[in-house]
Amino acid sequence: LARIELEKARTMRQFLILSAALVDNGEFVVRCIAVESANSRQDTECIVEIDVTINGECSSANVVARLPTEGKILRIANWSDTQRLSGALVELNDGSLLEYESSPNTSVQGSIAPSHAESLLEPCPWIAGLHSAESTAGQACNKRIVVGVSRRSRLYFGERILSDACSSFILTPTHQFLSYATLGSRSQLRFIPLSALADYDPLMGSEENVVTLGEGYEPRNVERGSRVVAI
């Protein structure tokens, strides 16, 4: 993208790759989205759909559509579910969540709608989400799981604080755990089953789930300042 010019393009940031396909004429088409930055006089920003076409040494890019939101965008992120490459999670500056969904027909623009996930209690520059979580019984409950770390190092699951001193985290659908590292003199690597997050109900949560969300599953001591990079 650094070498491809976009016609009438404004300043863009946070590029995400959604899909890549080889078409009949041998061209390779990559569908991306990005945030079109607003100027100081604008209160809203757009999600921009971009198609990058690669054909040998020749490459081109085309802005397919601009999808407006109701505020300025803090973060966009791919769903951690590998099968959900066609969509993305969008967080506004106030912590509210939206969902972008691309159209199966590349000639039709995608859509943005309010997320089914609970908004975060405060804005979180680092977020991750599952589009379709599984319950303890192993059944897909179609519940969104979104977690994020705020600038004050608080780890949120919706409006619930999972940790008030978190350095980093990672959602791993393969292992079915949320893993995060804590800050402080006694740093730990903690694990919360994704099924516990899927089953958790703030109004009717069981005592077992409350304990699991608070203490995690078999925490391990780590060196002070450790960060989760990959699992």
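Residues numbered from 1 in each chain as written. Predicted model: local features only at pLDDT ≥ 70, side-chain atom pairs only at ≥ 80, totals over all residues. Heavy atoms only, no water.

(A) Looking closely at the overall build of the protein. On a plain count of helices and strands, the protein comes out with 2 helices and 16 strands. Expressed as a percentage of the 231 residues in the protein, the buried residues total 45%. Carbon and sulfur atoms make up 48% of the accessible area of the protein, which amounts to about 12,800 Å² in all. (Helix = DSSP H or I, 4+ residues; strand = E, 2+ residues; numbered from the N terminus. Buried < 20%, exposed > 50% of the residue type's maximum accessible area, 1.4 Å probe, protein only. Areas by Shrake-Rupley, 256 points an atom, 1.4 Å probe, with all protein chains shown as cover.)

(B) Fine view of the sheet that holds strand β7 (residues 97-101). One open sheet holds the 4 strands; their spatial order is β5-β6-β7-β8, and the pairing between them is antiparallel. Edge positions in the sheet fall to β5 (73-78) and β8 (111-114), since each of these pairs with one other strand and no more. Going across the sheet, the axis of each strand differs from the next one's by a mean of 25 degrees, ignoring polarity. In this sheet, β7 lies alongside strand β6 (residues 87-92) in antiparallel orientation, the contact comprising 5 bridges. Note on β7: the bridge partner recorded for Glu91 is Leu97. (Pairing = 2+ DSSP bridges. Axes fitted to C-alpha atoms, helices over the stretch in contact; angles between N-to-C directions.)

(C) Examining the nonpolar core more closely. Of all hydrophobic cores here, the largest spans 20 residues; its most connected members are Phe169 and Leu178. Listing elements by their share of this core, those giving two or more residues are β9 (126-130), β10 (145-149), β11 (155-157), β13 (166-172), β14 (177-182) and α1 (194-199). The greatest single-element share of this core, amounting to 4 residues, is contributed by α1. Not counting residues up to four positions away in its chain, the partners in contact with Leu178 are Val147, Leu162, Phe169, Ile170, Leu171, Arg190, Phe191, Ile192, Leu194 and Leu197. The next biggest cluster of nonpolar side chains, apart from the first, holds 13 residues, and it includes Leu16, Ile47, Val90 and Leu98. (Core = buried A, V, L, I, M, F, W, Y, C linked by side-chain atoms within 4.5 Å. Contact = heavy atoms within 4.5 Å.)

(D) Structural view of unusual backbone geometry. The backbone of Gln14 sits at a positive phi, close to 55 degrees, despite the residue not being glycine. Looking at the secondary structure, you find Gln14 in strand β1 (residues 12-22). On the basis of relative accessibility, which here comes to 19%, the residue Gln14 falls in the buried class. The backbone of Ser153 shows a phi angle near 65 degrees, a positive value even though the residue is not glycine. Turning to its location among the elements, Ser153 is positioned in the loop between β10 and β11.

(E) Inspection of the pattern of salt bridges at higher detail. Enumeration over the complete set of coordinates arrives at 7 salt bridges. The partner of Arg66 in a salt bridge is Glu36, and the shortest N-O contact between them spans 2.7 Å. In this pair, Arg66 is assigned in strand β4 (residues 58-68) and Glu36 in strand β2 (residues 28-36), connecting sequence segments 30 residues apart. Taking the shortest distance from any N to any O, the salt bridge between Arg144 and Glu99 comes out at 2.9 Å. Residue Arg144 is located in the loop between β9 and β10, and its partner Glu99 is located in strand β7; the two are separated by 45 residues in the primary sequence. (Salt bridge = Lys/Arg side-chain N within 4 Å of Asp/Glu carboxyl O.)

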